[in-house]
Amino acid sequence: PQPVPRHGVDAAILFSDIVVPVVAAGVDLDIVPGTGPVVAEPVRTLDDVRRIRPIEPADVSFVDEAVRLTVAELGATPLIGFAGAPFTLASYLVEGGPSRNHTRTKALMYGAPDVWHALCARLAEITLTFLRVQVAAGVRAVQLFDSWAGALSAADYRRFVLPHSSAVLGGLADTGVPRIHFGVGTAELLGPMAEAGADVVGVDWRTPLDAATVRIGPDKAVQGNLDPCVLFAPWPVVEAEVRRVLAEGAAAPGHVFNLGHGVLPETDPTVLTRVVELVHQVTAR
């Protein structure tokens, strides 16, 4: 939690590798330096899907423990839970690792939709259990990341992805915790993503928040969306961009200020602190 008091942010997020729950489900997977997650036996058939077992809370007891320890250390600062969405997890498993074009993923979607839906249904079940464990351990909100959904058309998203993301987010409705849904490069998917059941839709830096909220609808808050690269500009530029994002976010019924994606490793931490201070200053008025 060290960065939390350092920067004075309003919440923390439990951020771990996106593939943790599928490893807990028995998938033989290795994190290769310079590459990322690599799957020993990629999923291509129904028999492959059947080998991925559902998980029980005990399978991710280490996540339960990590959440409880972090919540205790954070005190009054809320912790946000984290999980990868079924499409992104499925793409890793089908491709065998990271992919630029998601060729095998799309070939399976189009050519063997029964296998695709069986895989995503199993991953939705695993992800839901994974997030419910985090809620039970004390997270105050959850965020579902669909990092690769931007590779899809809106029609394909609705047919092949929306039902499974909805199963995860809908399965959390009884917990009472706010649900955030985020993807990268999803400007054309913001409408259908908003239908998946989240309370807040994350928006990357490519789409202004006032335009995004028109696509998302008037009943959803937005999260985002300062370009992380802006933080490398001179401070007057950073300040102007932060104020622009805040002004555009005012068009939505609620706005969680955030970067449009993660913090780049080379970012000067003092700039992050100044951004938080500026956001608090402007929104306190």
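Up top is the structure these notes are about.
Our subject in this report is the structure included herewith. Predicted, not measured: the structure shown is a model, and the values here were computed from it. (Residues numbered from 1 in each chain as written. Predicted model: local features only at pLDDT ≥ 70, side-chain atom pairs only at ≥ 80, totals over all residues. Heavy atoms only, no water.)

1. Let's talk about the sheet that holds strand β6 (residues 179-183)
Okay, step 1: The strand order across the open sheet formed by 7 strands is β1-β4-β5-β6-β7-β8-β9, and the pairing between neighbours is parallel. Unpaired on one side and paired on the other, β1 (12-13) and β9 (255-259) mark the two borders of the sheet.
Okay, step 2: Of the strand pairs in this sheet, strand β8 (residues 221-226) and β9 are connected by 5 bridges, and their pairing is parallel. Residue pairing in the sheet places N225 in a bridge with N258 of β9.
Okay, step 3: Lying over the sheet, helix α7 (residues 113-137) contacts β4 (79-84) and β5 (141-146), oriented at roughly 170 degrees with respect to β4. (Pairing = 2+ DSSP bridges. Helix = DSSP H or I, 4+ residues; strand = E, 2+ residues; numbered from the N terminus. Contact = heavy atoms within 4.5 Å. Axes fitted to C-alpha atoms, helices over the stretch in contact; angles between N-to-C directions.)

2. A short note on the environment of E95
Okay, step 1: Tracing the chain through its elements places E95 in helix α5 (residues 86-95).
Okay, step 2: Look at E95 and you get buried, because its relative accessible area is 17%.
Okay, step 3: In sequence terms E95 and T105 are 10 residues apart; their C-alpha atoms lie 6.3 Å from each other.
Okay, step 4: Sequence-distant contacts of E95, defined by excluding residues within four places in its chain, comprise R44, H102, T103, R104 and T105.
Okay, step 5: Engagement of the side chain of E95 in a polar contact is seen with the backbone nitrogen of R104, the distance being 3.1 Å. (Buried < 20%, exposed > 50% of the residue type's maximum accessible area, 1.4 Å probe, protein only. Polar contact = N/O pair within 3.5 Å; in protein donor to acceptor, adjacent residues only side chain to side chain.)

3. Description of helix α12 (residues 235-249)
Okay, step 1: Over its 15 residues, α12 runs 21 Å from end to end, which matches the ideal 21 Å to within 8%, given 1.5 Å per residue.
Okay, step 2: Within the span of α12, buried status applies to W235, V238, V242, V245, L246, E248 and G249. An end-on view of α12 places all buried positions within 165 degrees of arc, on one side of the element. Opposite the buried face of α12, by more than 90 degrees, sit the exposed residues P236 and A247. (Expected span 1.5 Å × (residues − 1). Arc of directions from axis to C-beta.)

4. So, the packing of aromatic side chains
Ring pairs (aromatic) are described by centroid distance and by the angle formed between their planes.
Okay, step 1: Summed over all chains, the structure comprises 7 aromatic pairs.
Okay, step 2: Between Y92 and W148 the ring centres are 4.3 Å apart and the planes differ by 40 degrees, which places this aromatic pair in the tilted class. One end of the pair, Y92, is in helix α5; the other, W148, is in the loop between β5 and α8 (154-160), and 56 residues separate them in sequence.
Okay, step 3: Among the residues examined, W148 registers a relative accessible area of 16% and is labelled buried.
Okay, step 4: Look at Y110 and F160: their rings are 6.0 Å apart centre to centre, the planes differ by 75 degrees, and that puts the pair in the edge-to-face class. Note that Y110 is positioned in helix α6 (residues 103-111) and F160 in helix α8, a separation of 50 residues in sequence.
Okay, step 5: The class for F160 is buried, based on a relative accessible area of 0%.
Okay, step 6: Each member of the aromatic cluster is reached from another via a ring pair, and the members are F15, F82, F145 and F182.
Okay, step 7: Cation over ring: R206 sits above W205, and NZ or CZ is 4.2 Å from the ring centre. (Phe/Tyr/Trp six-rings, centres within 6.5 Å; stacked < 30°, edge-to-face > 60°. Lys NZ or Arg CZ within 6 Å of the ring centre and 35° of its normal.)

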